[in-house]
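Here are the chains, one letter per residue:
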Amino acid sequence: MKPVKLLQLSLVTVCLLQAGCATNSANNFKLSHLAKSDIDSVTDMHIQEVSKLCRQLTIKLYKRNPRELTKAPPGTTVKKRLDQIFSDQRIKGFGELNGAKSTAAISLSFNEAFEGDRVFALMAGISSMLYAAYNYQDEFYLLDEIDQQKLYNSARNLETVSWQLNNRKDDRGERYILSNGLGTNGIRNLSYERLFGKMISLQDMMALLIADTTNRNITRVVQSAASMTFLPI
């Protein structure tokens, strides 16, 4: 697919996901936009959308797993957790997780010996992993570069997380973190899986866009979603 067409497709995809993005963009023009290419603007939109989806997933997981919040320090709320998860601390790692971040924090959430807040470990890991895929930047400008392989690897890691969330169980045969399941009406709730699907699609789209516009290749890895290992970011 040609870079221009892929860029156009990416713009359409993100705008469809971001309600009202076209209306707001006209009212939020900044001088810094003059230092941005089209690719930079699309990257910024992807970052914003992925962050929004991560926040939605965090809230849903805490609603599904209220017991996890009781393991947090006294007075901790979901809002405080969100502030922590998306703070700059995700670059260094969290003391509550013994400094773990990215895929190490994700793995901790499925560790039998871990006695802390598993939702926090999982989402702090996902958030820091995706942040690392974008070079720990919230915005991109003309001279900034981004690695298409990191974006691709993060998408594959999200597939692995999604599988583990549905299948990893403790010694009692219970899932570490509850997500998809049957509702009271007997209909299967796949809303968590849909959120993961959106994030994976955004990361894959961004990886393809960067690869095409920079004429760099993506090393595609054949890895089962059921794998217990993660790709490097």
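Refer to the preceding data block for the structure.
Residues numbered from 1 in each chain as written. Predicted model: local features only at pLDDT ≥ 70, side-chain atom pairs only at ≥ 80, totals over all residues. Heavy atoms only, no water.

Draft legend 1. A look at the pattern of salt bridges. For the coordinates displayed, the defined rule picks out twelve salt bridges. For Lys52, the salt bridge identified is with Glu49, shortest N-O distance 3.5 Å. Here the residue Lys52 and the residue Glu49 both occupy positions in helix H3 (residues 38–64), the gap between them amounting to three residues, near one helical turn. For Lys52, a relative accessible area of 32% corresponds to the partly exposed category. (Salt bridge = Lys/Arg side-chain N within 4 Å of Asp/Glu carboxyl O. Helix = DSSP H or I, 4+ residues; strand = E, 2+ residues; numbered from the N terminus. Buried < 20%, exposed > 50% of the residue type's maximum accessible area, 1.4 Å probe, protein only.)

Draft legend 2. Local environment of the layout of surface pockets. The space that makes up the second largest pocket amounts to roughly 190 Å³. Lining the second largest pocket are 14 residues, with Ile47, Ser51, Arg90, Tyr131 and Asp138 positioned closest to its centre. In terms of residue count, H3 provides more of the lining of the second largest pocket than any other element does, six residues in total. The class makeup of the residues in the lining of the second largest pocket is seven nonpolar, four polar and three charged. (1 Å grid on protein atoms, 1.4 Å probe; cavity = no way out; pocket = protein on both sides within 12 Å on 5 of 7 lines; lining within 4 Å. Points joined across faces, edges and corners; volume = space filled by probe spheres on them. Nonpolar A, V, L, I, M, F, W, Y, C, P; charged D, E, K, R; others polar.)

Draft legend 3. Broad picture of the packing of helix H7 (residues 102–109) against helix H8 (residues 118–133). Between H7 and H8, whose axes approach to 7 Å, the crossing angle comes to 160 degrees. Considered as vectors, H7 and H8 are oriented roughly antiparallel to each other. Regarding H7 and H8, the two cross each other, and that crossing is left-handed. Along its contact with H7, which presents Ser102, Thr103, Ala105, Ile106, Leu108 and Ser109, the element H8 presents Arg118, Ala121, Leu122, Gly125, Ile126, Ser128 and Met129. Tallied by class, the residues present in the contact of H7 with H8 amount to seven nonpolar, five polar and one charged. (Axes fitted to C-alpha atoms, helices over the stretch in contact; angles between N-to-C directions. Parallel < 35°, antiparallel > 145°, perpendicular 65-115°, else oblique. Left-handed = near helix turned anticlockwise from the far one by under 90°. Contact = heavy atoms within 4.5 Å.)

Draft legend 4. Looking closely at the packing of aromatic side chains. Throughout the structure, instances matching the rule amount to three aromatic pairs. Judged by centre distance (5.6 Å) and plane angle (85 degrees), the rings of Tyr131 and Tyr136 are edge-to-face. Among the residues examined, Tyr131 registers a relative accessible area of 7% and is labelled buried. Taking the relative accessible area as the measure of exposure, Tyr136 reaches 33% and is therefore partly exposed. Positioned over the ring face of Tyr141 is Lys36, at 4.1 Å from the centre of the ring. Above the plane of the ring of Tyr192 lies Lys60, whose end atom (NZ or CZ) is 4.6 Å from the centre. (Phe/Tyr/Trp six-rings, centres within 6.5 Å; stacked < 30°, edge-to-face > 60°. Lys NZ or Arg CZ within 6 Å of the ring centre and 35° of its normal.)

Draft legend 5. Broad picture of the packing of H3 against H8. Running from N to C, H3 and H8 cross one another at 175 degrees; their axes reach a closest spacing of 10 Å. In terms of their interaxial angle, H3 and H8 are classed as roughly antiparallel. Residue-level inspection shows Val50, Cys54, Leu57, Thr58, Leu61 and Tyr62 of H3 in contact with H8, the latter providing Val119, Phe120, Leu122, Met123, Ile126 and Leu130. Classifying every residue of the contact of H3 with H8 gives eleven nonpolar, one polar and no charged.

Draft legend 6. Region of interest: the side chain of Asn153. Assignment of secondary structure puts Asn153 in helix H9 (residues 148–167). For Asn153, a relative accessible area of 6% puts it in the buried group. Setting aside anything within four residues of it in sequence, one finds Asn153 in contact with Leu231, Pro232 and Ile233.

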